[in-house]
Amino acid sequence: MTSDLAARIAALSPGQRARLRDRLPGARPPQGEPTPGQRRLLRTHRAVRGRPVDVVCQAVHLTGGSPDLGLLADRVAGFARAHEALRTTFPAADDGERPVVHPELPPRIERTRCADTAEAHRLARELAAEPFDLASGPLLRVTLAEGPAAGEAWLLVAVHNLVFDAWSFELLLDELARPDGVEPAPPVPFSRFAHDQRRWLESAEGRAAATYWSREVADAPEPLPTDRPRGAGTTRTGARVDFALPREVADGIAAAAQRAAATAYTGWLAVAWATVAEFGGSDDVLLGTFTSGRNRGDTANVVGYLLNVLPVRLRDPGDGTHRARTRAAQRATRQGLKHAAHPGELIGDRRRVAGTHPLLDLVFVFDNLGQDQRRIQGAEATTLDLDKGTARFDLTLAVYPGADGATGWLEYDTGLYDEATVRRLAERFEAFARAAAAQEREGR
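Small disclaimer: the values here were computed from a predicted structure and weren't measured. (Residues numbered from 1 in each chain as written. Predicted model: local features only at pLDDT ≥ 70, side-chain atom pairs only at ≥ 80, totals over all residues. Heavy atoms only, no water.)

**What to know about the sheet that holds strand β13 (residues 395–402)**
Pairing is mixed across the open sheet formed by six strands, whose spatial order is β7-β14-β13-β10-β8-β9. Lying at the two open borders of the sheet, with one neighbouring strand each, are β7 (238–246) and β9 (308–314). Averaged over all adjacent pairs, the angle separating strand axes in this sheet is 25°, with direction ignored. When β7 meets strand β14 (residues 405–413), the two strands line up antiparallel, connected through nine bridges. Residue V241 lies in a different strand from β14, and its bridge partner there is L410. Helix α9 (residues 247–259) rests against β7 and β14 of the sheet, and its axis sits at about 85° to β7. (Pairing = 2+ DSSP bridges. Helix = DSSP H or I, 4+ residues; strand = E, 2+ residues; numbered from the N terminus. Axes fitted to C-alpha atoms, helices over the stretch in contact; angles between N-to-C directions. Contact = heavy atoms within 4.5 Å.)

The following block contains the structure:
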């Protein structure tokens, strides 16, 4: 009997084994309470009356191979079965929405054809713009589209941030690219992360982090100026202004950072600091930055919303040169990283910004997750984060490094800013980046 049971367990797929482990008595940590990050997303969902704002929307173009869309659909469905977050819904309760994990909750997967890139992007935006039923789900939608040419296809993904983040998307692509016969990494349930996070917050380390962040945001500068008054009634309608910088500028910023014993992220953060200081009229700047939230335990393979939005306080630019700002930004981020496990939503004891986030009005994003070329079923996969016509924050400045330089965008809340204002802000960011690269070439 024992050997027969062992053989039956060995024959299960990784996802089936994960669900079996989850059902064993005592195997699952306590559930039923959203994390601080999820609570903020739920508040935003209510504030914008269910309009899908916090959504991952990605278009993956597959070219140069023979992708099997049926197999891709099976892989997506298996990924959702294996990962607890993608089987989670958020029905209303007396004290607000609470997560409920279902044994089965298939994602919505559709098949179609696309005449061109423009149509693929339109379909992806439509996926993201359709309201999500948080109580019933599913919160993962995928459209698989055949392209106009042989060997061309599109993978269009829209997922609510309550159960997914950028790192989760990379894990999904890893699963789609997994060769046949190679076992996927064992899934770690999101509820375990949530449980461990609650315990960590009560620990000495968690309390020390809370103290650090409370000091860091004390006497924070006023929010940035806007074209129209802020208010709680925002719909978070947004738009983007794109920019691109050549390779010599990106290389100059990276070289200046290296000379200052800093990272390329910190070098670009210094450019953002100079831009925001000029815009706001003060070198004391408080902005937000994203961290993966996967800096503790076995969280690298957790699918869910682990993304953490932390404040960065930048105050002393030294002599005002890019190198001095880079060194100061490096010191600030290095200190903050020691306490990066603390949820950003719990920082600060007063509302600084009217709107959906109490502390932050501008967030800086430096994204190099997808720099390595990935192949799926022999096809080259090119991923694009699409403009959904929404704004998660008042302003978001994103920089994407690449082989040919750096691209990026400024996303803005159209209820607060005019396009002309944001376009000038993007132009000033480009100007500061070019000046920083020139300073590096001149040895300053």
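Resuming the write-up.
**Description of the environment of V55**
Assignment of secondary structure puts V55 in strand β1 (residues 55–63). The buried category is assigned to V55, whose relative accessible area is 0%. Between the C-alpha atoms of V55 and A128, which are 73 residues apart in sequence, the distance is 6.6 Å. If we ignore the near neighbours within four places in the chain, the residues touching V55 are A128, F132, A158, V159, N161, K388 and R392. (Buried < 20%, exposed > 50% of the residue type's maximum accessible area, 1.4 Å probe, protein only.)

**A short note on the side chain of T299**
By the element assignment, T299 lies in the loop between β8 (285–291) and β9. Overall, the relative accessible area of 8% leaves T299 in the buried class. Excluding residues within four positions of it along the chain, T299 makes contact with F193, R294 and L306.

**Here we look at a positive patch on the surface**
Taken together, R327, R331, R334 and K338 make up a surface patch of like positive charges. Position of R331 relative to the elements: it lies in helix α11 (residues 322–337). (Patch = residues over 30% accessible without salt bridge, like charges linked within 9 Å, V, L, I, M, F, W, Y side chains within 5 Å. Areas by Shrake-Rupley, 256 points an atom, 1.4 Å probe, with all protein chains shown as cover. Salt bridge = Lys/Arg side-chain N within 4 Å of Asp/Glu carboxyl O. Lys, Arg positive; Asp, Glu negative; His and termini not counted. Charge placed at Lys NZ, Arg CZ, Asp CG, Glu CD.)

**Brief notes about the packing of aromatic side chains**
The geometry of an aromatic ring pair is captured by two quantities: the separation of the ring centres and the angle between the planes. Taken as a whole and assessed by the stated rule, the structure comprises nine aromatic pairs. Pairing Y212 with W213 gives two aromatic rings, centres 4.9 Å apart and planes at 75°, and the pair type is edge-to-face. Each member of the pair, Y212 as well as W213, is classed as buried. Centroid distance W268 to F429: 6.1 Å. Interplanar angle 25°. Geometry classified as stacked. Of this pair, W268 sits in helix α10 (residues 264–280) while F429 sits in helix α12 (residues 419–441); the two residues are 161 residues apart in sequence, bridging distant segments of the chain. Given the relative accessible area of 1%, F429 is considered buried. Members of the aromatic cluster, connected to one another through ring pairs, are F243, W268 and F429. The residue whose ring lies beneath R141 is F132, and the NZ or CZ to ring-centre distance is 3.6 Å. (Phe/Tyr/Trp six-rings, centres within 6.5 Å; stacked < 30°, edge-to-face > 60°. Lys NZ or Arg CZ within 6 Å of the ring centre and 35° of its normal.)

**Observations regarding the sheet that holds strand β12 (residues 379–385)**
The six strands are arranged β4-β5-β6-β1-β12-β11 in an open sheet whose pairing can be described as mixed. In this open sheet, the two strands that pair with only one neighbour each are β4 (108–113) and β11 (374–376). When the angles between neighbouring strand axes are averaged without regard to direction, this sheet yields 25°. Of the strands in this sheet, β1, β6 (153–160), β11 and β12 touch helix α6 (residues 166–177), which is tilted by about 50° from β11.

**What to know about the packing of α9 against α12**
To describe two helices that pack against each other, one gives the angle between their axes and the distance between the axes. At their nearest, the axes of α9 and α12 sit 8 Å apart, and the two run at 60° to each other. What the angle tells us is that α9 and α12 run oblique. Crossing of α9 over α12 shows left-handed handedness. The segment α9 lies against α12, with E248, V249, G252, I253, A255, A256 and R259 engaging A433, R434, A436, A437, E440 and R441. (Parallel < 35°, antiparallel > 145°, perpendicular 65-115°, else oblique. Left-handed = near helix turned anticlockwise from the far one by under 90°.)

**Overview of unusual backbone geometry**
Here the amide bond leading from G137 into P138 is cis, since omega sits at -5°, within 30 degrees of zero. Checked against the element boundaries, P138 lands in the loop between α5 (117–129) and β5 (140–146). With a phi angle near 55°, R49 is a residue other than glycine that sits in the positive phi range. With respect to the helices, strands and loops of the structure, R49 is situated in the loop between α3 (36–47) and β1. With a phi close to 50°, Q377 is a non-glycine residue in the positive phi region. Structurally, Q377 can be placed in the loop between β11 and β12.

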